[in-house]
Amino acid sequence: MEALKQNEVPTQKIYKDRAIWVGTFLGGPLAAGYLIAENFKVFNETQKAKTTWIIAIIATIIIFSGVFLIPEDVKIPNQIIPLIYTGIAFYCVQHYQGQKINEHINSGGAFYGWWRTIGIGFIALLITFSIIICVLLSTETEQLNQVTKKYGTAENEIIYEENIHENEVNQLAEAFEKTTFFGDTNRKYVFLAKVNSTYEIFISCDKSIENDYEMQGHFMQLRNEIQIEFPNNKIVFNLVAEGIDDVAKRIE
């Protein structure tokens, strides 16, 4: 009976390691996740199939987020990143499924055809690009909800959200000019948000502002002078180093 069981021909199809290599190269980590997970299901390793999907999703997020963070002046050949994650996927298939794929072959088991693999690769690629486009459109929409106004010969800029009236922005610009923060030589950039009656003002500074107490004192004085001009609103300064999410010092 044992010999008969060993000679049984598998009834389910799986994907060859070469097919997974091609599918991953075409469709990225999502394609790899699907193909490898489907093999695990056939091998009755459902938990490994679930883990594969989790890893594939995380890898997709990390890879494509990393691509957007690469500086424009850094030139990386187009095929390098796909070759890296394809090589990793191929290694994982060999390591975790290689023996069972060989057993499937030796038992006369069937495999999915190349057209199915290529189709899955393109579907995964389409899904990935659809997600990226949605993220980009969302970011672009957020930027469209912001308005920029320039003041003075130095073209000092105030970027503000659409929920703030233009007159309020002009009054803030006048206050900055009155305190000479907005001058005629060095251009200054300010981002303005309004939360209820509070003006959250984000000012770009060097990272060293965290420990530069003398400079912090100048901004405290500036905030107090601006506050006088807006008795009905609370003025808060957020000194940021690289972006509005990177607040080095908050003054209120």
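Residues numbered from 1 in each chain as written. Predicted model: local features only at pLDDT ≥ 70, side-chain atom pairs only at ≥ 80, totals over all residues. Heavy atoms only, no water.

> I tried to follow a nonpolar patch on the surface on my own but got confused; where do I start?
A contiguous nonpolar surface patch, about 280 Å² in accessible area, is contributed by Trp53, Ile57 and Ile61. Tracing the sequence through the fold places Ile57 in helix α4 (residues 46–69). Residue class for Ile57 comes out partly exposed when judged on its relative accessible area of 44%. (Patch = residues over 30% accessible without salt bridge, like charges linked within 9 Å, V, L, I, M, F, W, Y side chains within 5 Å. Areas by Shrake-Rupley, 256 points an atom, 1.4 Å probe, with all protein chains shown as cover. Salt bridge = Lys/Arg side-chain N within 4 Å of Asp/Glu carboxyl O. Helix = DSSP H or I, 4+ residues; strand = E, 2+ residues; numbered from the N terminus. Buried < 20%, exposed > 50% of the residue type's maximum accessible area, 1.4 Å probe, protein only.)

> What is the right way to read the pairing of strand β3 (residues 189–195) from this model?
If a strand is regular, its side chains alternate between the two faces of the sheet. Here four bridges tie strand β2 (residues 156–161) to β3, and the two strands are oriented parallel to one another. Paired with Glu157 across the bridge in β3 is Tyr189. Crossover β2 to β3 through helix α8 (residues 166–178) is left-handed. Examined bridge by bridge, β3 and strand β4 (residues 198–204) share six bridges and lie antiparallel to one another. In the sheet register, Lys194 faces β4, and the bridge partner there is Tyr199. The hairpin turn running from β3 into β4, its antiparallel successor, is two residues long, and Asn196 in that turn takes a positive phi close to 60°. (Pairing = 2+ DSSP bridges. Right-handed = clockwise from strand over helix to strand, strands pointing away.)

> For this particular structure, what's the right way to read the environment of Lys100?
Position of Lys100 relative to the elements: it lies in helix α6 (residues 98–106). Residue classification places Lys100 among the partly exposed residues on the basis of a relative accessible area of 30%. Sequence separation of Lys100 and Phe40 is 60 residues, and the distance between their C-alpha atoms is 9.7 Å. In this view, Lys100 contacts Phe43 and Glu45; residues no more than four positions away in its chain are not counted. (Contact = heavy atoms within 4.5 Å.)

> Please clarify how helix α5 (residues 80–96) should be interpreted in this entry.
An α-helix turns once per 3.6 residues; consequently, residues spaced three or four apart project the same way. Its 17 residues place the ends of α5 24 Å apart at the C-alpha level, agreeing with the 24 Å of an ideal helix rising 1.5 Å per residue. Within the sequence span of α5, burial applies to Pro82, Tyr85, Thr86, Ala89 and Val93. All buried residues of α5 project into a common sector of 105° when viewed along the axis, lining one side. Among the exposed residues of α5, those oriented more than 90 degrees off its buried face are Ile88, Tyr91 and His95. (Expected span 1.5 Å × (residues − 1). Arc of directions from axis to C-beta.)

> Even after reading the chapter, I still don't get the confidence of the model for the protein, so can you show me in this structure?
The predicted coordinates ought not to be read in detail in places where the model reports low pLDDT. Residues of the protein with pLDDT of at least 70 account for 87%, and the chain-wide mean is 83. Averaged pLDDT values over the elements of the protein bottom out at 43 in helix α1 (residues 2–6) and peak at 93 in helix α3 (residues 29–42). Note on residues 1–5: pLDDT is under 50 here. Beyond four places in sequence and across chains, it has zero contacts. (pLDDT = per-residue confidence, 0-100.)

> Would you explain helix α9 (residues 213–229) in this entry?
End to end, α9 covers 25 Å across 17 residues, agreeing with the expected 24 Å (1.5 Å per residue, within 8%). Of all the residues in α9, the buried ones are Gln216, Phe219, Leu222, Arg223, Ile226 and Gln227. The arc that holds the buried residues of α9, viewed along the axis, is 140°, so those residues lie on one side. In this structure, α9 carries Glu214 and Ile228 as exposed residues pointing more than 90 degrees from its buried face. Residues of α9 that are buried make contact with α8, β4, β5 (234–240) and β6 (247–251).

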